[in-house]
Each structure stands twice: as structure tokens, then as C-alpha cells.
Amino acid sequence: MLLKSLALATSVVAVLATAPAASAATPHASSGLWPAGNCPQGTFCIWPNWNHPAEGPVEPPSLVTSSEWTGRVPAFNFYNYTSRNAEITWSYLYNGSIHTGEICVRPNNSENLYVPAFVTKVTWQTHTC
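Residues numbered from 1 in each chain as written. Predicted model: local features only at pLDDT ≥ 70, side-chain atom pairs only at ≥ 80, totals over all residues. Heavy atoms only, no water.

S.K.: Got a sec to walk through the confidence of the model for the chain? Specific residues and values, please.
M.R.: Residue-level pLDDT values for the chain average 77, and 70% of them are 70 or greater. Of all secondary-structure elements in the chain, the lowest mean pLDDT belongs to helix H1 (residues 2-18), at 36, while strand S2 (residues 63-65) reaches the highest, 96. With pLDDT under 50 throughout, residues 1-31 is counted as low confidence; its partners more than four residues away or in other chains account for six contacts. (pLDDT = per-residue confidence, 0-100. Helix = DSSP H or I, 4+ residues; strand = E, 2+ residues; numbered from the N terminus. Contact = heavy atoms within 4.5 Å.)

S.K.: Lay out the state of the cysteines with the relevant residues and their values.
M.R.: Note on terminology: disulfide describes a covalent bond linking the sulfur atoms of two cysteines. On inspection of all chains with the given rule, the structure shows two disulfides. Between Cys39 and Cys45 runs a disulfide, and the two sulfur atoms are separated by 2.1 Å. Taking the sign of the S-S torsion, 90° for the link of Cys39 and Cys45, the bridge is right-handed. Of the two residues, Cys39 and Cys45, both sit in the buried class. What pairs with Cys104 in a disulfide is Cys129, and their sulfur atoms sit 1.9 Å apart. With the S-S dihedral at roughly -60°, the linkage between Cys104 and Cys129 falls on the left-handed side. Linking Cys104 in strand S5 (residues 97-105) with Cys129 in the segment after strand S6 (109-125), this pair joins segments that are 25 residues apart in sequence. Counting only the cysteines that take part in disulfides, in the order they occur along the chain, gives the pairing 1-2, 3-4. (Disulfide = S-S within 2.5 Å. Buried < 20%, exposed > 50% of the residue type's maximum accessible area, 1.4 Å probe, protein only.)

S.K.: Can you break down the nonpolar core residue by residue, with the values?
M.R.: Phe44, Ile46, Phe78, Leu113 and Val119 are the most contacted members of the largest nonpolar core, which has 17 residues in total. Elements that contribute at least two residues to this core include exactly strand S1 (43-47), strand S3 (69-81), strand S4 (85-94), S5 and S6. For this core, the element with the most residues is S6, which contributes five residues. For Leu113, the residues in contact, after removing those within four places along its chain, are Ala75, Phe76, Phe78, Trp90, Ile103 and Val119. With seven residues, the next largest nonpolar core counts Ala36, Cys39, Cys45 and Tyr81 among its residues. (Core = buried A, V, L, I, M, F, W, Y, C linked by side-chain atoms within 4.5 Å.)

S.K.: With reference to specific residues and values, describe the pairing of S1.
M.R.: With respect to burial, S1 is a largely interior element, five of its five residues being buried. Burial of the side chains of S1 extends over both faces: Thr43, Cys45 and Trp47 are buried on one face and Phe44 and Ile46 on the other. Sheet analysis places S1 next to S3, joined by five bridges and oriented antiparallel. Bridge pairing in S3 links Cys45 to Tyr79. (Pairing = 2+ DSSP bridges.)

S.K.: So what's going on with the environment of His127? Which residues, and what values?
M.R.: Looking at where His127 falls in the secondary structure, it is placed in the segment after S6. In this structure His127 comes out as partly exposed when scored by relative accessible area, which is 36%. For the pair formed by His127 and Arg84, sequence separation is 43 residues and the distance between their alpha carbons is 9.7 Å. A polar atom in the side chain of His127 sits 3.3 Å from the side chain of Gln125. (Polar contact = N/O pair within 3.5 Å; in protein donor to acceptor, adjacent residues only side chain to side chain.)

S.K.: Residues and numbers for the packing of aromatic side chains, please.
M.R.: The full count for this structure, using the stated rule, is three aromatic pairs. Each ring, one from Phe44 and one from Phe78, has its centre 6.1 Å from the other, and the planes form 25°; the classification is stacked. Remark: Phe78 occurs in strand S3 and Phe44 occurs in strand S1; sequence separation between them is 34 residues. The burial state of Phe44 is the same as that of Phe78; both residues are buried. Ring geometry for Trp90 against Tyr92: centres 5.7 Å apart, planes inclined by 20°, an arrangement best described as stacked. Positioned above the aromatic ring of Phe118 is the side chain of Arg72, whose terminal nitrogen or guanidinium carbon lies 3.6 Å from the ring centre. Here Arg84 stacks its cationic end above the ring of Trp124, 3.8 Å away from the centre of that ring. (Phe/Tyr/Trp six-rings, centres within 6.5 Å; stacked < 30°, edge-to-face > 60°. Lys NZ or Arg CZ within 6 Å of the ring centre and 35° of its normal.)

Quick look at the structure:
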């Protein structure tokens, strides 16, 4: 029995010794739903529709900003390709009522609004999302 235990332990050690080392995770591996696609590093990007192939969105964004922004753009997907927490203010019309809210988006993170909406403001936050 002791011989079988030693043989098993030796086999495990041999497998671990020959296994390749794990590589460090890329910034996109553990954050967000998809990679940045055509969103330039250092910017916050918004796309008007749901279209994100494996490499990330490829159609032109409705907004690309590296500073705080106010306006009105169609929005569905967004990606925060900055080192700061971004807060977006959004709105959409449903059954004659306007619904609004805010979402805090962590750096290097992607999300979506689940319904076609409009983003009216992007601000940088010091609080943690």
C-alpha cells in the first residue's frame, strides 16, 4: 500500500514538473463581457446596438471620450478602457414614461443597458464601483 502511495505521489510530481507555467491573465480575462474592440485605450466608448463578435465591437461607436461629457447618444453596449471609474447617466422611454438611472463602470470593463437607451452624461468617479 505504501508503495502505491509513493508511486502515485511521484506521478503527480512528475506531471506538475512538466506542465507549462500558467500565464498571467490579460486585463480582459477576468473583467467585462467582451474585449475593447475598436475602443482606443484611454477612452470610454459607447455603441448604439448589440453587436460584439469575439474581438469586441467593430462598428463605429456613438461616443468616444477621454473626458467628462454631456449630450445625448444612442447606447446599448459600453466599454471603459481607462484607469478610472466612469459613471454614466442613461434614459429610455417605456410605455410613455421616461426611465433614468446611473451605472458605475469599472476600468477595463464592458457592460450593456439591456434595452436600447440614450446616455446623457459620462463622469469620472473616485468611489469604487
